[in-house]
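Structure assessment
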Amino acid sequence: MTNNAIIEVTNMRKSFGKLEVLKDVSFRIAPSEVVAVIGPSGSGKSTMLRSLAHLEEVNGGSIRIGNEELVHNGVYPSGGKIKEITSRMGMVFQHFNLFPHLTVRANLELAPKLMKKYSAEEIRSKASSLLEKVGLQDKGDVYPSNLSGGQKQRVAIARALMMSPEIMLFDEPTSALDPELTGEVLQVMRQLADEQMTMIVVTHEMSFAREVADRVMFMADGEFIESGTPEQLFGSPQHERTKAFLNRVL
Ligand SMILES: Nc1ncnc2c1ncn2[C@@H]1O[C@H](COP(=O)(O)OP(=O)(O)OP(=O)(O)O)[C@@H](O)[C@H]1O
């Protein structure tokens, strides 16, 4: 898998001051793979994901996206290279992060307009088809404050898809939602998985990890302790820490 991995992380380290949050993290993700990252609160899952999207800068290690290095042995490239690499990834956050002063449609259209990636007409038609894809074709003119949490998160997913990412990163996308609204978001994510989108999903949603992920990675104290298919990880976890965590959450 080394050569065809779409994401390759090698010896990634990240500290906040004296707090070592990621300790020598290495993993590879294959194209179209759906990986769920699970683990206790504070174990470094968000930091790992945010580092991939360059929302945090690591202190050491390398991150390769496709054939390009976002960071090599802790050193970042200069110029527009970073933006070019991170534009291949879309990210969805726990708290949606929509622009409150923009309509749903304007939220979708902002980044591609700024990046001048498509013509105005293409942007409009892409926004319409993505709103339809997430079941919100009638909400284009509405402001985020008038949407439910589940609807906001579906807008956030559509917005991330506007730039035609090759990889989608989800940071606990359903954690801020009322339980009855998680289903509609997970449904959209399942559809993306079915369409062969490469996805890394940090989640507390064990049913999603079990049913949709190709692979589940268990993180604790800034390290990946164990990784396997959902059957392996949930059925016969090998490490005591994985067992203890699953006993607590299942
Ligand atoms: N910007 C920051 N500055 C200082 N410390 C931080 C920062 N971001 C995260 N941390 C700390 O890093 C550790 C890991 O946080 P992180 O959010 O990555 O964990 P997590 O596994 O995603 O947790 P959760 O499941 O609760 O979201 C925590 O101790 C957190 O307080």
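Residues numbered from 1 in each chain as written. Predicted model: local features only at pLDDT ≥ 70, side-chain atom pairs only at ≥ 80, totals over all residues. Heavy atoms only, no water.

**Side note on the layout of surface pockets**
- Taken as a whole, the largest pocket encloses approximately 740 Å³ of empty space.
- Around the largest pocket, the lining comprises 25 residues; the ones closest to its centre are M89, G90, M91, A111 and M163.
- Ranked by the residues each element gives to the lining of the largest pocket, the list is headed by helix α3 (residues 104-115), at six residues.
- Considered class by class, the residues forming the lining of the largest pocket number 17 nonpolar, six polar and two charged. (1 Å grid on protein atoms, 1.4 Å probe; cavity = no way out; pocket = protein on both sides within 12 Å on 5 of 7 lines; lining within 4 Å. Points joined across faces, edges and corners; volume = space filled by probe spheres on them. Helix = DSSP H or I, 4+ residues; strand = E, 2+ residues; numbered from the N terminus. Nonpolar A, V, L, I, M, F, W, Y, C, P; charged D, E, K, R; others polar.)

**Some remarks on the nonpolar core**
- Formed by 35 residues in total, the largest nonpolar core has its most connected members in L108, I157, M168, F170, M189, L192 and M199.
- Those elements that provide at least two residues to this core are α3, α4 (120-133), α5 (149-161), β7 (167-171), α6 (179-194) and β8 (198-202).
- Grouped together as the second largest cluster of nonpolar side chains are 32 residues, I6, L70, M91 and I167 included. (Core = buried A, V, L, I, M, F, W, Y, C linked by side-chain atoms within 4.5 Å. Buried < 20%, exposed > 50% of the residue type's maximum accessible area, 1.4 Å probe, protein only.)

**Side note on the side chain of K14**
- Mapped onto the fold, K14 is located in strand β1 (residues 7-16).
- Nearest to the buried, unbridged K14 among oppositely charged side chains is E56, at 4.2 Å.
- Residue contacts for K14: discarding those within four places in its chain leaves L19, E20, V21, L22, T47, E56, E57, V58 and N59. (Lys, Arg positive; Asp, Glu negative; His and termini not counted. Salt bridge = Lys/Arg side-chain N within 4 Å of Asp/Glu carboxyl O. Contact = heavy atoms within 4.5 Å.)

**Some thoughts on the sheet that holds strand β5 (residues 68-71)**
- Taken in spatial order, the four strands line up as β2-β1-β4-β5 in an open sheet, and their pairing is antiparallel. With one partner strand each, in any of the chains shown, β2 (19-29) and β5 form the two edges of the open sheet. Here the strands of the sheet are splayed against their neighbours by 25° on average, with no regard to which way each runs.
- Where strand β4 (residues 60-65) meets β5, three bridges bridge the pair, whose relative direction is antiparallel. Residue pairing in the sheet places R64 in a bridge with E69 of β5. (Pairing = 2+ DSSP bridges. Axes fitted to C-alpha atoms, helices over the stretch in contact; angles between N-to-C directions.)

**A word on helix α9 (residues 240-249)**
- Those residues of α9 that sit buried are T242, F245 and L246. Burial along α9 is one-sided: seen end-on, the buried residues are contained in an arc of 95°. In α9, those exposed residues whose orientation departs by more than 90 degrees from the buried face are E240, N247 and R248.
- Along its buried surface, α9 packs onto β3 (34-38), α7 (206-211), β9 (215-220), β10 (223-228) and α8 (230-235). (Arc of directions from axis to C-beta.)

**Re the confidence of the model for the protein**
- Here the protein shows a mean pLDDT of 96. Residues at 70 or above account for 99%.
- In the predicted complex, the global pTM is 0.96; the interface-specific ipTM is 0.97. (pLDDT = per-residue confidence, 0-100.)

**Concerning the sheet that holds β8**
- With respect to topology, six strands assemble into an open sheet ordered β6-β7-β8-β3-β9-β10, the strand pairing being mixed. The strands lining the two open edges of the sheet, one partner per strand, are β6 (89-92) and β10. Adjacent strand axes in the sheet meet at a mean angle of 20° when their direction is disregarded.
- Direction of pairing for β3 relative to β8: parallel, over a ladder of four bridges. What sits directly across from V34, in β8, is M199.
- In the packing of α6 onto the sheet, contacts are made with β3, β7 and β8, and the angle to β8 comes to roughly 145°.

**Some points on the UniProt feature "domain: ABC transporter" (unreviewed entry) in the protein**
- Feature annotation in UniProt places "domain: ABC transporter" (unreviewed entry) on residues 7-246, given in this structure's numbering.
- As annotated, residues 7-246 comprises 37% helix and 26% strand, and the C-alpha atoms at either end are separated by 27 Å. (UniProt positions renumbered as here; feature names shortened; annotations may be inferred.)

**A short note on the site of the ligand**
- Of all residues adjacent to the ligand, which total 13 residues, the nearest are S41, G42, K45, S46 and T47.
- Between the ligand and T47, the relevant distance is 2.6 Å, taken from an oxygen atom to a side-chain nitrogen or oxygen of the residue.
- H204 has a polar side-chain atom sitting 3.5 Å from an oxygen atom of the ligand.
- Protein burial of the ligand: of its 640 Å² of free accessible surface, 60% is covered by the chains.
- Taken together, the elements giving at least two residues each to the shell around the ligand come down to β2 and α1 (45-52). (Near = heavy atom within 4 Å. Polar contact = N/O pair within 3.5 Å; in protein donor to acceptor, adjacent residues only side chain to side chain. Areas by Shrake-Rupley, 256 points an atom, 1.4 Å probe, with all protein chains shown as cover.)

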